[in-house]
Amino acid sequence: MTRIKRLNCFDIPKIRKMTEYLDNDDSNRFTKELRNEAVRFLHSHFPLKYKFLPESFILLERNEILGLITIVPTMGNPYKITITRLIFQNNLYDVGKQLVEFVIARYGAMGATSFSVVIDQSHEELFQLFLNECGFRHCSCENLWKIENFNYKDYNPAHFRACQNSDAKKVSDLYNAELTSLYKPALIRIKTEFKEPFFEGITNFYKNRYVLEEAAHKRIIAYLSITTSDNLNFILDLTTSDGYELSYDDILAFAIKEISQKKSNFYVFIKQKKYTITSEKFEEYLHYKGFNCIQTQNVLVKDFYKPIKQKENVLQVFLFGEHSITAN
């Protein structure tokens, strides 16, 4: 008999057997994350509007775990759900499909309006699972570039300041204005998604947020976040207004200087969002500086409305996953 249930702490040893291919560090981190999720009993009873932590479910057959799925509500907008982890035994893609359909039905009944997933372009089978079997559609891509041989002391750091909750509306307007995707409604972010979460201290990552203002009218023309989950690898996420000529060198100088004030050894990566107006110009800069693109991930979405415009016979895709970083 097949059933799906919430992960609990007694399931962890069985999960570890499914991930024996991981090295010790990855395995320990993975187990710790699952153990934290498995003991959050009170959180599992919160209404969706109050959820903020990951939740995991497993599929069992005769008490053997065949697959696991983890979802995370979006900070500031829990009605947008991200699938961050999907594991199933070799070639049991139907198990993956059942788990995805389960969380869509479960959280959709609670009021969720959008589900998203990102996945590395090398995982073609997983891509097709979400596209053809689970009804997701392909929105765009995100590239991750490794910043190397960049001496921030050679440039004048841009004059960013810390982002305040009162800036959230302006940052949201900037972000949404820079979207170019056909599926823009699925990517739009509301102002609460740019506010500092009340429970940020108990998440498994740390994020600093900054804004750059145009002096004359106090208009926000750039938004920068610096995120790390291990205090070694730092990911920069930048949104800039296409109406202003901004120096990417000075922006990077600011970000790296901020990190270097707290860490002596670290690695820096920057995300290129292919669905923004400035993406091509930004990519030209990254190539010119000789930075390496180490990862390309497809972004997929499933929501409860149709795009305004849609061509016939176009593949519909949306992917899942976390950015995988190798510091070496």
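An account of the accompanying structure is given in this report. What you see is a predicted model, and the numbers here were worked out from it, not measured in a lab. (Residues numbered from 1 in each chain as written. Predicted model: local features only at pLDDT ≥ 70, side-chain atom pairs only at ≥ 80, totals over all residues. Heavy atoms only, no water.)

Before going further, it helps to spend a moment on unusual backbone geometry. Of note in the backbone geometry, Asn149 takes a positive phi value of approximately 55° without being a glycine. Inspection of the secondary structure assignment puts Asn149 in the loop between strand 6 (137–147) and strand 7 (161–162). At Lys218, a residue that is not glycine, the phi angle is positive and equals roughly 55°. Residue placement: Lys218 occurs in the loop between strand 8 (206–214) and strand 9 (219–228). Residue Lys218 is classed as partly exposed on the basis of its relative accessible area of 48%. (Helix = DSSP H or I, 4+ residues; strand = E, 2+ residues; numbered from the N terminus. Buried < 20%, exposed > 50% of the residue type's maximum accessible area, 1.4 Å probe, protein only.)

Right, let's talk about the packing of helix 3 (residues 93–110) against helix 4 (residues 124–133) for a bit. At a minimum axis distance of 11 Å, the contact between helix 3 and helix 4 shows a crossing angle of 50°. As far as their axial angle goes, helix 4 and helix 3 are oblique. By crossing handedness, the relation of helix 3 to helix 4 is classed as right-handed. Contacts between helix 3 and helix 4 involve Tyr93, Gly96, Lys97, Val100 and Glu101 on the former and, on the latter, Glu125, Leu126, Leu129, Phe130 and Glu133. When the residues that make up the contact of helix 3 with helix 4 are grouped by side-chain class, the tally is five nonpolar, one polar and four charged. (Axes fitted to C-alpha atoms, helices over the stretch in contact; angles between N-to-C directions. Parallel < 35°, antiparallel > 145°, perpendicular 65-115°, else oblique. Left-handed = near helix turned anticlockwise from the far one by under 90°. Contact = heavy atoms within 4.5 Å. Nonpolar A, V, L, I, M, F, W, Y, C, P; charged D, E, K, R; others polar.)

The next thing to look at is the side chain of Ser56. Relative to the assigned elements, Ser56 resides in strand 2 (residues 55–61). A polar side-chain atom of Ser56 sits 2.7 Å from a polar atom in the side chain of Thr70. Apart from residues no more than four positions distant in its own chain, Ser56 is found in contact with Arg6, Leu7, Leu34, Glu37, Ile69, Thr70 and Arg85. (Polar contact = N/O pair within 3.5 Å; in protein donor to acceptor, adjacent residues only side chain to side chain.)

A full pass over the atoms with the stated rule returns 15 aromatic pairs. Between Tyr175 and Phe194, the ring centres sit 5.7 Å apart and the planes meet at 55°, which makes this aromatic pair tilted. Pair noted here: Tyr175 is in helix 5 (residues 168–177) and Phe194 is in the loop between helix 6 (184–187) and strand 8, with a separation of 19 residues, a long-range link. Of the two residues examined, Tyr175 and Phe194, each falls in the buried class. Between the NZ or CZ atom of Arg189 and the centre of the ring of Tyr175, over which it lies, the distance is 5.0 Å. (Phe/Tyr/Trp six-rings, centres within 6.5 Å; stacked < 30°, edge-to-face > 60°. Lys NZ or Arg CZ within 6 Å of the ring centre and 35° of its normal.)

Successive residues of a regular strand alternate their side chains across the two faces of the sheet. In terms of residue burial, strand 9 counts as a mostly covered element, since nine of its ten residues are buried. Relative to strand 9, strand 8 runs antiparallel, the two sharing nine bridges. Residue Leu212 lies in a different strand from strand 9, and its bridge partner there is Ala222. Counted along the chain from strand 8 to the antiparallel partner strand 9, the turn is four residues long, and its residue Lys218 has a positive phi close to 55°. (Pairing = 2+ DSSP bridges.)

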